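What the coordinates show
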Amino acid sequence: MTPDWSHDDKSRQAFQRSLRECVIRDLSNGSRLVFENQVSPKFEKENGRPFQNRQEIKAEMRKEPFYQAHLSIQRAAQELMWASVTYSLDRQIDGMMAKAKQSSDTLGSLTINPDMPIPKYIDSLDIHCMPGGYTTDLCDGDISAGAIYDKGSYMYGSGRGGPYGDRSGQSIVNYLKREHPDFAPKRILDMGCATGNNTVPFCDAYPDADVHGIELGAALLRYGHARTESLGKAIHFSQQNAEQTNFEDESFDLIVSCIIFHETSRKALPRIIAETRRLLKPGGLMVHLEAGQFENFDLWRQTVFDAETYNNNEPFWSTYRDMDLEAVIAEAGWSDGTAHLHLEPFGHAPVTSSNKSQKNMLGFWFMVGQK
Amino acid sequence: MTEIDVNKLANAKAKGKRPYFFDDPAVERVLSITMAVATELAVTRERLDTVERLLEAGEPVTKANIDAYRPDDDASKDRQQWHADYISRILRIVHQELEAVENESLNEDPEKLADDFAAA
Ligand SMILES: C[S@@+](CC[C@H](N)C(=O)[O-])C[C@H]1O[C@@H](n2cnc3c(N)ncnc32)[C@H](O)[C@@H]1O
């Protein structure tokens, strides 16, 4: 399903990747210097105390010309990144849609439900500024959101998701193989699977299992289905809300998700965790993967992450990162000791009790539970 | 016949109010346009690089050959390096502001020095 990018499309995308690297590395480092060398000492001198929270830092930093330029260029780069992917679908989209329509159901399947209501937290704005967002459905058989998301998220992650964009799914598999080597799930569900890139590793890790993926966006699912079939993998995709699915009670051995929590809402999140519990068989496992909570980072990092909320259309991001997840787990019906949070550092280093409490550790946070 | 206007979609405003970071929104607009222009210049420069490489290899410089050209690893590395240097050149004022933060001795005020030297 990969489009045949033209010479100029490739150049445009390559330049956006370079610009992004520059923003992430140089401009972010620069803003940190402005903060440490100027803004922070000045604040301490004037107030007789250091900054106490990221809101105070934000208020002071937003007055700094360097930080203003940093955020402005970052926003422009984010918009241009999606545009560079979307332009390249010109002259390609018809062929890709035709191919997707012909894509057979020999391995997996696709079930679209046009009557499913889209929650407000998904369609009130275009998350990460991706034009059209996750759920725009432009015509019969539209796959554009999927094509844009697949290529765009590769650039978004500066290629760190790997050539197949499956690093998150892969890291859950690594964790399961290490911690539960004998676990052999027969039915697996990935919630909020988008185009299924992070669902595929479960097909490879558990070849005898039935693998399902649910997602709100129809065009993401159509593209994902065609992509998965073309890779020779079997995934059953359906358009469903993870807060309330049509699967029967106790119908899965393993339920996972990759970075969907921070794109939901205060009320939806516990519902998704409760739905996970309803769907799991006794003894079944849940592993929801997410970015870390603010408490795990120093105030400057919190400020940088928080900027995503207003600079990158991520309205629930900061609230999520401030939430008491232990309380949410309990609220969602997981009784004491059956679920916990776990840090899986990038690069597969096993977690120890000493690095777990360290600030600024970069890795994936898992919400793990066994029913 | 396509029902999707790809260029319209690519240029569409992302749903959600756009943040403006400078006191004057016109500055934001100019910077955003500048970044888009910088992108298009980089695209043109890379096309020219392809033309040069085809010429060097003694290949006919046709539109089809340009479009079919795929850089090898070395050419890709050269091009990436060019991007990095190019971005440093266009963002030079931003980098200079940073140098000033890192090194206080770069920040002597000429007006104050004029007064100093008038008296010294
Ligand atoms: C950041 S994306 C991650 C997608 C995918 N898991 C991956 O790793 O690439 C979050 C996805 O979650 C989906 N999503 C959010 N809330 C959902 C819900 N209640 N039910 C199903 N999908 C949801 C969004 O539509 C979006 O595709």
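Residues numbered from 1 in each chain as written. Chains lettered and ligands numbered in written order. Predicted model: local features only at pLDDT ≥ 70, side-chain atom pairs only at ≥ 80, totals over all residues. Heavy atoms only, no water.

1. Regarding the overall build of chain B
When helices and strands are counted, chain B shows six helices and zero strands. Relative to a compact globule of 120 residues, whose C-alpha radius of gyration would be 14 Å, chain B shows 23 Å and is clearly more extended. Overall, the C-alpha framework of chain B stretches about 75 × 45 × 20 Å when taken along its three principal axes. A burial count over chain B gives 28% of its 120 residues as buried. Contacts in chain B between residues at least 24 apart in sequence constitute 28% of all its contacts with a sequence separation of at least 6. (Helix = DSSP H or I, 4+ residues; strand = E, 2+ residues; numbered from the N terminus. Rg over C-alpha atoms; globule rule 2.2 N^0.38 Å. Buried < 20%, exposed > 50% of the residue type's maximum accessible area, 1.4 Å probe, protein only. Contact = heavy atoms within 4.5 Å.)

2. Points about the packing of aromatic side chains
All names here are of chain A. Throughout the structure, instances matching the rule amount to 14 aromatic pairs over all chains. Where Phe183 meets Tyr206, the ring centres are 6.4 Å apart and the plane angle is 75 degrees; that geometry is what we call edge-to-face. Here Phe183, found in the loop between α7 (167-179) and β2 (187-191), pairs with Tyr206, found in the loop between α8 (200-205) and β3 (210-215); they are 23 residues apart in sequence, far enough to count as distant. The residues Phe183 and Tyr206 share a single accessibility class, namely buried. In this structure an aromatic cluster arises from ring pairing among Phe35, Phe43, Phe51, Tyr67 and Trp300. Between the NZ or CZ atom of Arg277 and the centre of the ring of Trp334, over which it lies, the distance is 4.7 Å. The ring of Phe305 has Arg321 lying over it, and the distance from NZ or CZ to the ring centre is 4.4 Å. (Phe/Tyr/Trp six-rings, centres within 6.5 Å; stacked < 30°, edge-to-face > 60°. Lys NZ or Arg CZ within 6 Å of the ring centre and 35° of its normal.)

3. A word on the side chain of Asn312(A)
Structurally, the position occupied by Asn312(A) is in the loop between α11 (299-311) and α12 (317-322). Within polar-contact distance, the side chain of Asn312(A) engages the side chain of Gln78(A) at 3.3 Å. (Polar contact = N/O pair within 3.5 Å; in protein donor to acceptor, adjacent residues only side chain to side chain.)

4. Regarding the sheet that holds strand β7 (residues 339-345) of chain A
Residue and element names in this part refer to chain A. Judged by pairing direction, the sheet is mixed, and its eight strands sit side by side in the order β1-β4-β3-β2-β5-β6-β8-β7 without closing on themselves. The sheet is open, and its two edges are formed by β1 (109-111) and β7, each paired on a single side. Looking at each pair of strands side by side, their axes are set apart by 20 degrees on average, direction ignored. Relative to strand β4 (residues 236-239), β3 runs parallel, the two being bridged by four bridges. Bridge pairing links His212 to His236 in β4. (Pairing = 2+ DSSP bridges. Axes fitted to C-alpha atoms, helices over the stretch in contact; angles between N-to-C directions.)

5. Quick look at the nonpolar core
With 37 residues, the main nonpolar core has Met61(A), Tyr67(A), Ile73(A), Met35(B) and Leu91(B) as its most contacted residues. For this core, the element with the most residues is helix α1 (residues 7-47) of chain A, which contributes ten residues. Each of domain 1 (7-89) and domain 2 (102-370) of chain A accounts for three or more of the residues forming this core. Leaving out residues up to four positions away in the same chain, Leu91(B) has contacts with Cys22(A), Ile73(A) and Met35(B). (Core = buried A, V, L, I, M, F, W, Y, C linked by side-chain atoms within 4.5 Å. Domains from an automatic or database assignment.)

6. A look at a negative patch on the surface
A contiguous patch of negative charge, built from Glu108(B), Asp109(B), Glu111(B) and Asp115(B), is present on the exposed surface. Position of Glu108(B) among the secondary structure elements: in the loop between α5 (92-102) and α6 (110-119). (Patch = residues over 30% accessible without salt bridge, like charges linked within 9 Å, V, L, I, M, F, W, Y side chains within 5 Å. Areas by Shrake-Rupley, 256 points an atom, 1.4 Å probe, with all protein chains shown as cover. Salt bridge = Lys/Arg side-chain N within 4 Å of Asp/Glu carboxyl O. Lys, Arg positive; Asp, Glu negative; His and termini not counted. Charge placed at Lys NZ, Arg CZ, Asp CG, Glu CD.)

7. What about unusual backbone geometry?
Residue and element names in this part refer to chain A. For Cys129, which is not a glycine, the phi torsion comes out positive at approximately 65 degrees. Counting through the fold element by element, Cys129 comes out in the loop between α5 (120-123) and α6 (144-156). The backbone phi angle of Ala194 is positive, close to 50 degrees, even though this residue is not glycine. Here Ala194 lies in the loop between β2 and α8.

8. Re the interface of chain A and chain B
On the chain B side, the residues contacting the 54 residues of chain A number 51 residues. Applying the counting rule to chain A against chain B returns three salt bridges. With a closest N to O distance of 3.0 Å, Glu79(A) and Arg18(B) form a salt bridge. Connecting chain A to chain B are 14 residue pairs in polar contact (both at pLDDT 80 or more). Elements with a contribution of two residues or more to the side of chain A that touches chain B: α1, α3 (65-87), α4 (93-102), α6 and α11 of chain A. Broken down by element, the side of chain A that touches chain B gets its largest block of residues, 18 residues, from α1(A). Residue composition of the side of chain A that touches chain B, by class: 26 nonpolar, 15 polar and 13 charged. (Nonpolar A, V, L, I, M, F, W, Y, C, P; charged D, E, K, R; others polar.)

9. Some words on the site of the ligand
Residues and elements named next belong to chain A. In the region of the ligand, 20 residues are neighbours, and Gly192, Asn198, Glu215, Asn241 and Ala242 sit closest. In the model, a nitrogen atom of the ligand is placed 2.9 Å from a nitrogen or oxygen of the Tyr121 side chain. Measuring from an oxygen atom of the ligand, one finds a side-chain N or O atom of Glu215 at 2.6 Å. Protein coverage of the free-state accessible area of the ligand, which is 600 Å², stands at 97%. In the shell around the ligand, the residues fall into 13 nonpolar, five polar and two charged. (Near = heavy atom within 4 Å.)

Structural measurements only, silent on function.
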